[in-house]
Amino acid sequence: MPDDIDYEIYAIKYAHLFRHSPENFIAGDEHDVPMPLDYFVWAIKSPRKTLILDTGFAPAMGVKRGRQHIRSPAEGLKAIGVEPDQVEDVIISHMHYDHCGNHDLFPRARYHLQDREMAYCTGRCMGHAHLRGAFEVDDVVQMIRRIFDGRAVFHDGAGQIAPGITVHHVGGHTSGLQVVRVRTRRGWMVLASDASHFYANFEQSRPFPVVASVVEMLEGYRTLHDLASSRQHIIPGHDPLVLARYPAASAGLAGIVARLDADPATP
Ligand SMILES: [Zn+2]
């Protein structure tokens, strides 16, 4: 029965950026230690359906922005048996360049996003260099084209994408950022994307410095806890610890694809 579906979830790493910990918190960090970012797309799988959360960026964007592009998200998806051109639903957490590029990867898909995110990335806030820094106008134009093609699905707050999969507006990092709640065999998981870049952001309520609303970001950390079965069911958007804590999807995919509906190795 559709309502009984328990999904598998996979985190697929496609890029990397080295940096130090003070860059990952608004108030800096008294321990100046290496704290790099991994970049992921996520696949949510059942026997009947596969949905994708976020689409990553292409190699040229990695060069432009000084990020280490490691592999195409398509390569990681094919390694777990997902054919991108068969995917029917893509959820976009927010419109930053590292979450909505690779425009031609999912030619059949509908794109799910929040009303507020489209208003944010096409409105007055993009007149401020500080706020538009992580947006690419080509990504925004591409999404507008999808709207006119009838391939964008808008959500306002909470919305169901499929039985057992819902999106929830959080805001904070961007005005219309949404997170995804998924039913799995071990409970309700929450894919936070950039509602929390690292475990440390939501576990310690220490906001990330790229932010549209600090209030919403802090409230968002609370929302993640409310939506997830436990704090071990929350997956941050850029933390290399995800690949350390969760088992590889298969022996050959260690460090590339983690299985998130499996039990984590450490609390
Ligand atoms: Zn991001």
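Just so you know, these numbers come straight off a predicted model, no measurement behind them.

About the criteria used
Here the residue index of a chain counts from 1 through its sequence in written order. Side-chain atom pairs in this predicted model are given and counted only at pLDDT of 80 or more, local residue features only at pLDDT of at least 70, and totals for whole chains, interfaces and linings cover all residues. Excluded from the side-chain calculation are hydrogens and water; included are all heavy atoms of the structure. In this listing, donors mean N, O and S atoms no farther than 2.8 Å from the metal, or 3.2 Å for Na, K and Ca; water is missing from the atoms, so a site can look incomplete. A site with four donors is called tetrahedral when every donor-metal-donor angle falls between 85 and 135 degrees; four donors are called square planar, and six octahedral, when opposite donors sit more than 155 degrees apart and all other angles fall between 65 and 115; any other arrangement is irregular. Accessibility here uses a 1.4 Å probe with only protein chains present; expressed as a share of the type maximum, an area under 20% marks a residue as buried, one over 50% as exposed, and anything in between as partly exposed. Two strands pair under a simple rule: DSSP has to find at least two bridges between them. Think of it this way: any DSSP run of H or I at least four residues long counts as a helix, any run of E at least two long counts as a strand, and we number them from the N terminus. Helix axes are fitted to C-alpha atoms over the stretch in contact, other axes to C-alpha atoms as well, and angles between N-to-C directions run from 0 to 180 degrees. Whether two residues are in contact is decided by their heavy atoms: any pair within 4.5 Å suffices. Identification of polar contacts relies on pairs of N or O atoms within 3.5 Å, with a donor-acceptor requirement for protein atoms, meaning one able to donate a hydrogen and the other able to accept it, and with residues adjacent in sequence counted only if both atoms are side-chain atoms. Salt-bridge detection follows one rule: a side-chain nitrogen of Lys or Arg within 4 Å of a carboxyl oxygen of Asp or Glu. Helix span is expected to be 1.5 Å times the residue number reduced by one. Throughout, the arc means the angular range of directions from the helix axis out to the C-beta atoms.

Would you mind going over the coordination of the zinc ion with me for this structure?
Metal coordination angles in their ideal form are 109.5 degrees for the four-donor tetrahedron and 90 or 180 degrees for the six-donor octahedron. Summarising the metal site, the zinc ion is bound by the protein donors Asp98 (OD), His99 (NE2), Asp194 (OD) and His238 (NE2), whose distances to it range over 2.1 to 2.2 Å. Each of the four donor atoms around the zinc ion contributes to a set of angles spanning 86 to 161°, which defines the coordination as irregular. Residue His238 is classed as buried on the basis of its relative accessible area, which comes to 2%.

Honestly, the sheet that holds strand β8 (residues 159-162) in this entry has me stumped. Any pointers?
What links the strands of a sheet is backbone hydrogen bonding, and the strands pair in either a parallel or an antiparallel sense. Spatially, the five strands line up as an open sheet ordered β8-β9-β10-β11-β12, and their pairing is mixed. Either end of the sheet is taken by a strand with one partner, and the two such strands are β8 and β12 (234-236). Shown here is a sheet whose adjacent strand axes are inclined to one another by a mean of 25°, direction ignored. Across three bridges, the pairing between β8 and strand β9 (residues 165-169) is antiparallel. Residue Gln160 lies in a different strand from β9, and its bridge partner there is Thr166. Each of β9, β10 (178-184), β11 (187-193) and β12 is contacted by helix α7 (residues 214-227), which is oriented at about 155° to β11, the strand it contacts most.

When you look at the pairing of β11 in this model, what are you seeing that I'm missing?
Strand residues, when the strand is regular, have side chains that alternate between the two faces of the sheet. Counting buried residues in β11 gives six out of seven residues, a clear majority hidden from the surface. The sheet contact formed by β10 and β11 spans five bridges and is antiparallel. Of the residues in β11, the one forming a bridge with Arg181 is Val190. Where β10 folds back onto β11 in an antiparallel hairpin, the turn is made up of two residues. Pairing analysis gives three bridges linking β11 to β12, with the strands arranged parallel. From the neighbouring strand, Val190 faces β12, where its bridge partner is Ile234.

Whenever I open this one, the side chain of His168 confuses me. Can you help?
For His168, the location among the structural elements is in strand β9. Judged by relative accessible area, which is 15%, His168 ranks as buried. A polar contact of 2.7 Å, which involves the side chain of His168, links it to the side chain of Thr166. Contact partners of His168, with chain neighbours within four places excluded, come to Gln114, Gly157, Ala158, Leu177, Gln178, Val179, Arg181 and Leu227.

What is the right way to look at the side chain of His16 in this model?
Summarising the element assignment, His16 is placed in strand β1 (residues 8-17). At a separation of 2.7 Å, a polar atom in the side chain of His16 contacts the side chain of Asp38. Those residues in contact with His16 that sit more than four places away from it in its chain are Pro36, Leu37, Asp38, Tyr39, Arg67, Gln68 and Ile70.

Can you walk me through the pattern of salt bridges in this structure?
Oppositely charged side chains can pair when the atoms bearing their charge come close. Taken as a whole and judged by the stated rule, the model has 16 salt bridges. In this structure, Glu203 engages Arg231 in a salt bridge whose closest nitrogen and oxygen atoms are separated by 3.3 Å. Remark: Arg231 occurs in the loop between α7 and β12 and Glu203 occurs in helix α6 (residues 199-204); sequence separation between them is 28 residues. Among the ionic pairs, Asp261 bridges to Arg259, the shortest N-O distance being 2.7 Å. For Arg259, a relative accessible area of 22% gives the class partly exposed.

Looking at this structure, I do not really get helix α5 (residues 137-148). What am I missing?
Helical periodicity: at 3.6 residues per turn, an α-helix aligns residues three or four positions apart in one direction. In a regular helix each residue adds 1.5 Å, so 12 residues correspond to 16 Å; α5 covers 17 Å between its end C-alpha atoms and thus fits that length. Taken together, the buried positions of α5 are occupied by Asp139, Val140, Met143 and Arg146. Down the axis of α5, the buried set is contained in an arc of 115°. They therefore lie on one face. The exposed residues of α5 that point more than 90 degrees off its buried face are Val137, Asp138, Arg145 and Phe148. In the core, the buried residues of α5 are packed alongside β6 (110-114), α3 (115-122) and β7 (152-155). Once α5 ends, the next one or two residues include Gly150, with phi positive near 75°.

Just geometry here; none of it tells us what the structure is for.
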